[in-house]
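Examining the three-dimensional arrangement
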Amino acid sequence: MQIGQNVSIGRYFGLSGVGSSITIEDDVLISERVFITESYHTLPDATYPVRHQSHSIGPVHIGRGTWIGIGVAIMPGVTIGKHCVIGANSVVTHDVPPYTVAAGVPAKVIRRLDGGDDASAQGALGDQNKDND
Ligand SMILES: CC(C)(COP(=O)(O)OP(=O)(O)OC[C@H]1O[C@@H](n2cnc3c(N)ncnc32)[C@H](O)[C@@H]1OP(=O)(O)O)[C@@H](O)C(=O)NCCC(=O)NCCS
């Protein structure tokens, strides 16, 4: 796990992983009760206990200056761009473009923030929500 400078992490923070990576860039604010995982059990053979199944893994990356709201869960393989806001109690299952607000279960982009000139933030509302609908 890599944590940048000036990162603030609230109480009851949880991490889970078996060998991929979690990167939190500078100036990230993580509220209380946030959970980040870079692995999960693969969908089980119903005749076999889940805990004995293999894992699927994917790195998690949280960009500079992003704010993760209270109670958020971040799933494996997700990249959250810089200067994002993740709404309270969201479950982040897909990448979140930079300079956007995303919220819900699963988290979807609800607003694009001023100041973001990254190409990936352009049209974020339409693109991501189309994928998730
Ligand atoms: C996401 C948040 C920042 C608001 O962002 P915003 O761009 O101002 O969004 P709005 O309040 O205008 O809401 C836009 C829509 O998203 C919905 N929404 C807002 N926050 C949401 C959330 N956490 N989960 C699901 N939906 C949410 C609103 O209900 C609204 O839906 P509607 O258009 O159907 O009415 C805020 O709701 C939030 O979750 N803040 C985190 C607070 C926190 O964790 N504090 C901890 C202390 S550090």
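Residues numbered from 1 in each chain as written. Predicted model: local features only at pLDDT ≥ 70, side-chain atom pairs only at ≥ 80, totals over all residues.

**Examining the overall build of the chain**
Applicable threshold: Numbering goes from the N terminus for both helices and strands, where a helix is a DSSP run of H or I of at least four residues and a strand is a run of E of at least two. Working definition of burial: number of other C-beta atoms within 10 Å of the residue's own, with buried at 20 or more, exposed at 12 or fewer, and partly exposed in between, all C-beta atoms being placed from the backbone. Residue pairs qualify as contacts under a 7 Å threshold applied to their C-beta atoms, which are placed from the backbone.
The helix and strand tally for the chain stands at 1 helix and 16 strands. Going through the 133 residues of the chain one by one, you find that 29% of them count as buried. Pairs at least 24 apart in sequence give 24% of the contacts found in the chain among residues at least 6 apart.

**Remarks on the sheet that holds strand β14 (residues 91-92)**
Using the following cut-off: At least two DSSP bridges between two strands are required for those strands to pair.
The sheet built from 4 strands is open, its strands ordered β3-β6-β11-β14 with parallel pairing. With partners counted over all chains shown, the strands left at the sheet margins are β3 (14-16) and β14, one partner each. Summarising the sheet, β3 and strand β6 (residues 35-37) pair through 3 bridges and their orientation is parallel. Residue pairing across strands places Ser16 opposite Thr37, the latter belonging to β6.

**Section: the site of the ligand**
Where we set the bar: Residue proximity rests on one test: whether the C-beta atom, placed from the backbone, lies within 6 Å of the molecule or strand.
Among the 13 residues in the neighbourhood of the ligand, the closest are listed as Gly69, Ile70, Gly87, Ala88 and Ala103. Of all elements in the fold, only β15 (100-103) and β16 (108-112) reach the threshold of two or more residues within the shell around the ligand.

**Thoughts on the pairing of β15**
Burial of the side chains of β15 is restricted to one face: Thr100 and Ala102 are buried, whereas none of Val101 and Ala103 on the reverse face is. Two elements, strand β13 (residues 85-86) and β15, share 2 bridges in a ladder whose sense is parallel. By the bridge assignment, Ile86 is partnered in β15 with Ala102. In terms of strand pairing, β15 meets β16 through 4 bridges, oriented antiparallel. Opposite Ala103, over in β16, you have Lys108 as the bridge partner. Linking β15 back to β16 in an antiparallel pair, the connection comprises 4 residues, with Gly104 at a positive phi of about 105°.

**What to know about unusual backbone geometry**
With an omega dihedral of -5°, the bond running from Val105 to Pro106 counts as a cis peptide bond. Even without a glycine there, the phi angle at Asn6 is positive, about 55°. Mapped onto the elements, Asn6 comes out in the loop between β1 (2-3) and β2 (8-9). Classification of Asn6 as exposed rests on a count of 10 C-beta atoms within 10 Å. With phi around 60°, Tyr12 is a residue other than glycine that occupies positive phi space. Looking at the secondary structure, you find Tyr12 in the loop between β2 and β3.

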